[in-house]
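Chain by chain, the residues:
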Amino acid sequence: MSTKKAQADNITMSSGGLYSLATLGAKDVIDKATPIVLAALATVPQPSQNGNWCFSDMGCADGGTSLDLWRAVVQSIRAGGNNDIQIVYADQVFNDFNALAKILHGHTVFDSYLPGSSDVHVLQSASSFYQPILPKQSLHLGFSATAMHWLSEMPCNISNHIHMVGATGHEKEAFATQAALDWHSILLHRSRELVSGGKLVLVNFCIDEKGHHLGNTGGVNMFDNFNKNWQTFLEQGTITEEEYKSMTLPQYYNNVEEFSNPLTDTESEAYRAGLRLDSIQTEIVPCPFAAAFQKHGDAAKFAKAYIPTIRSWNESVFKGALSDTRSAAEKDELIEAYYSLYEQQVRENPEGHGMGYVHAYMTVSKV
């Protein structure tokens, strides 16, 4: 396995349902998308009397953050008919599908829409959105939130930062090229799966018109702080140069133009395959932990609540970057020291910290 691919394989969200418990902001993002999904659904041609609705939740993680969205979809369909409903939850092979099954079937603290729902069938797929997920012309509406910024493979390591928002020159260009290839692949697979008149509602991290991105909406720049702390570990000799470079997160944040181009350029494969951009707008959803801190004013409480949400999506990459010559216990100790440092920084100087979510909300049609 190549180093590039191995790095991408380190991408996993916190398991056992901890992802949805920690990422309250990700649920806020999906809740904001729910009216957009229902509006799109209202325009999708209904299946025949004996046909079934087919939906997909791509990059679903443990499924907890989107329960209310799919509850609203099921309720909307039940108000207009009795067709069976199939929802296919898809993510990459290292996803915690056991947690997903428990959450969906009501065996956790989450309030699932599935128990008691008649004629609603949920399936799990370990085919990521970079691959075909469903049969041709079977998908009525596909949904994805806060997932498609993860690249299918690492284009290169970044020499002086851990994220593409801090990259420059040929390194930044390599990330942009890989992201364009991935976006193209995602769109072409979905174009084959969608029925005529079907819809996609895609809610993706982006860099907005003012240069804002996740964790950079004013105050402390989260990714710069990640990088500064790892550089401190490097300067102290706690990690090696090779380990530092391997901390690079395999992510890219498109801007509106990059998202839109394949859907508006009449010569692009996605456009020729029938995909059209109905709408796109950028939105900032505030960090719920920072917002709560403004009310309770307890810096220690804020720090303790905030760190798990940033840890939930990057710990696997950071830990995977540590050399295999280290013991498992040594890796655990180092990772704990890293997040403890971050928590200490937030506790001692809480103002400006927070992970505000910056997304592009897109609706796409298959004509």
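Residues numbered from 1 in each chain as written. Predicted model: local features only at pLDDT ≥ 70, side-chain atom pairs only at ≥ 80, totals over all residues. Heavy atoms only, no water.

Evaluation of the coordinates by the stated rule reveals zero disulfides. Of all cysteine sulfurs in the structure, the one in Cys-60 sits closest to Cys-54, which takes part in no disulfide; the separation is 14 Å. On the basis of relative accessible area, Cys-54 is assigned to the buried category, the value being 6%. (Disulfide = S-S within 2.5 Å. Buried < 20%, exposed > 50% of the residue type's maximum accessible area, 1.4 Å probe, protein only.)

Another point: the nonpolar core. By size, the foremost hydrophobic cluster in this structure holds 83 residues, and its most contacted members are Phe-55, Tyr-113, Phe-143, Met-222, Trp-230, Tyr-306 and Trp-313. Among the elements that make up this core, the one with the highest residue count is helix H12 (residues 299-321) (10 residues). If near-sequence neighbours (up to four positions away) are discounted, Tyr-113 is found in contact with Leu-67, Trp-70, Arg-71, Val-74, Ile-87, Tyr-89, Leu-104, Val-120 and Val-122. If you look at the next biggest cluster of nonpolar residues, it comprises 26 residues, including Val-88, Met-148, Cys-206 and Val-364. (Core = buried A, V, L, I, M, F, W, Y, C linked by side-chain atoms within 4.5 Å. Helix = DSSP H or I, 4+ residues; strand = E, 2+ residues; numbered from the N terminus. Contact = heavy atoms within 4.5 Å.)

Side chains bearing opposite charge may pair, as long as their charged atoms lie close to each other. Going through the model one piece at a time under the given rule, you end up with 13 salt bridges. Across the salt bridge formed by Lys-27 and Asp-31, the nearest N and O atoms sit 2.8 Å from each other. Of this pair, Lys-27 and Asp-31 both sit in helix H3 (residues 24-41), four residues apart, which is roughly one turn of the helix. When its relative accessible area of 25% is taken as the criterion, Lys-27 is described as partly exposed. The partner of Asp-324 in a salt bridge is Lys-331, with the nearest N and O atoms 3.5 Å apart. Judged by relative accessible area, which is 15%, Lys-331 ranks as buried. Taken together, the shared-partner salt bridges in this structure form one network comprising Lys-27, Asp-31, Asp-68, Arg-71 and Asp-111. (Salt bridge = Lys/Arg side-chain N within 4 Å of Asp/Glu carboxyl O.)

With six of six residues buried, strand E1 (residues 53-58) lies mostly within the body of the structure. Burial along E1 is two-sided: Trp-53, Phe-55 and Asp-57 and Cys-54, Ser-56 and Met-58, pointing in opposite directions, are all buried. As defined by bridge partners, E1 adjoins strand E2 (residues 85-90) across six bridges and the pair is classed as parallel. Each bridged residue has a counterpart across the sheet, and for Trp-53 the counterpart in E2 is Ile-85. (Pairing = 2+ DSSP bridges.)

A word on helix H11 (residues 288-296). Looking only at H11, the buried set comprises Pro-288, Phe-289, Ala-290 and Phe-293. Gly-297 sits one or two positions beyond H11 and adopts a positive phi of about 70°.

Within the open sheet, the seven strands sit side by side as E3-E2-E1-E4-E5-E7-E6. Their pairing is mixed. Whereas interior strands pair on both sides, the edge strands pair on one side only; in this sheet they are strand E3 (120-125) and strand E6 (275-285). Shown here is a sheet whose adjacent strand axes are inclined to one another by a mean of 15°, direction ignored. Where H3 meets the sheet, its contacts fall on E1, strand E4 (139-145), strand E5 (194-205), E6 and strand E7 (357-366), and the angle it forms with E7 comes to roughly 20°. The strands touched by helix H6 (residues 169-193) are E1, E4, E5, E6 and E7; relative to E5, the strand with the most contacts, the crossing angle is about 150°. (Axes fitted to C-alpha atoms, helices over the stretch in contact; angles between N-to-C directions.)

With that out of the way, let us pick up the packing of H12 against helix H13 (residues 328-348). Packed helices, taken two at a time, are described by the angle between their axes plus the distance between the axes. Contact geometry of H12 with H13 gives a least axis separation of 9 Å together with a crossing angle of 145°. For H12 against H13, the interelement crossing comes out right-handed. Residues that form the contact of H12 with H13 fall into these classes: 13 nonpolar, one polar and nine charged. (Left-handed = near helix turned anticlockwise from the far one by under 90°. Nonpolar A, V, L, I, M, F, W, Y, C, P; charged D, E, K, R; others polar.)

What follows concerns H3. In this model H3 runs 25 Å from its N-terminal to its C-terminal C-alpha over 18 residues, within 8% of the 26 Å that 1.5 Å per residue would give. The largest bend in H3 amounts to roughly 35° and is located at Ala-33, with the proline Pro-35 lying one to four residues further along. Listed in full, the buried residues belonging to H3 are Gly-25, Ala-26, Val-29, Ile-30, Ala-33, Thr-34, Ile-36, Val-37, Ala-40 and Leu-41. (Expected span 1.5 Å × (residues − 1). Bend = angle between axes of the 7 residues up to and from the residue.)

Further remarks concern the environment of Leu-200. Along the chain, Leu-200 falls in strand E5. Residue class for Leu-200 comes out buried when judged on its relative accessible area of 0%. Sequence separation between Leu-200 and Leu-69 is 131 residues; the distance between their C-alpha atoms is 14 Å.

For the rest of this paragraph, the subject is the packing of H3 against helix H4 (residues 67-78). Two numbers describe how H3 lies on H4: the axes approach to 9 Å, and their chain directions differ by 20°. Taken together, H3 and H4 sit at an angle that is classed as roughly parallel. Crossing handedness for the pair H3 and H4: right-handed. For the pair formed by H3 and H4, the contact residues are Lys-27, Ile-30, Asp-31, Thr-34, Val-37, Leu-38 and Leu-41 on the first element and Asp-68, Leu-69, Ala-72, Val-73, Ser-76 and Ile-77 on the second. (Parallel < 35°, antiparallel > 145°, perpendicular 65-115°, else oblique.)

The values reported here are purely geometric and, on their own, carry no functional implication.
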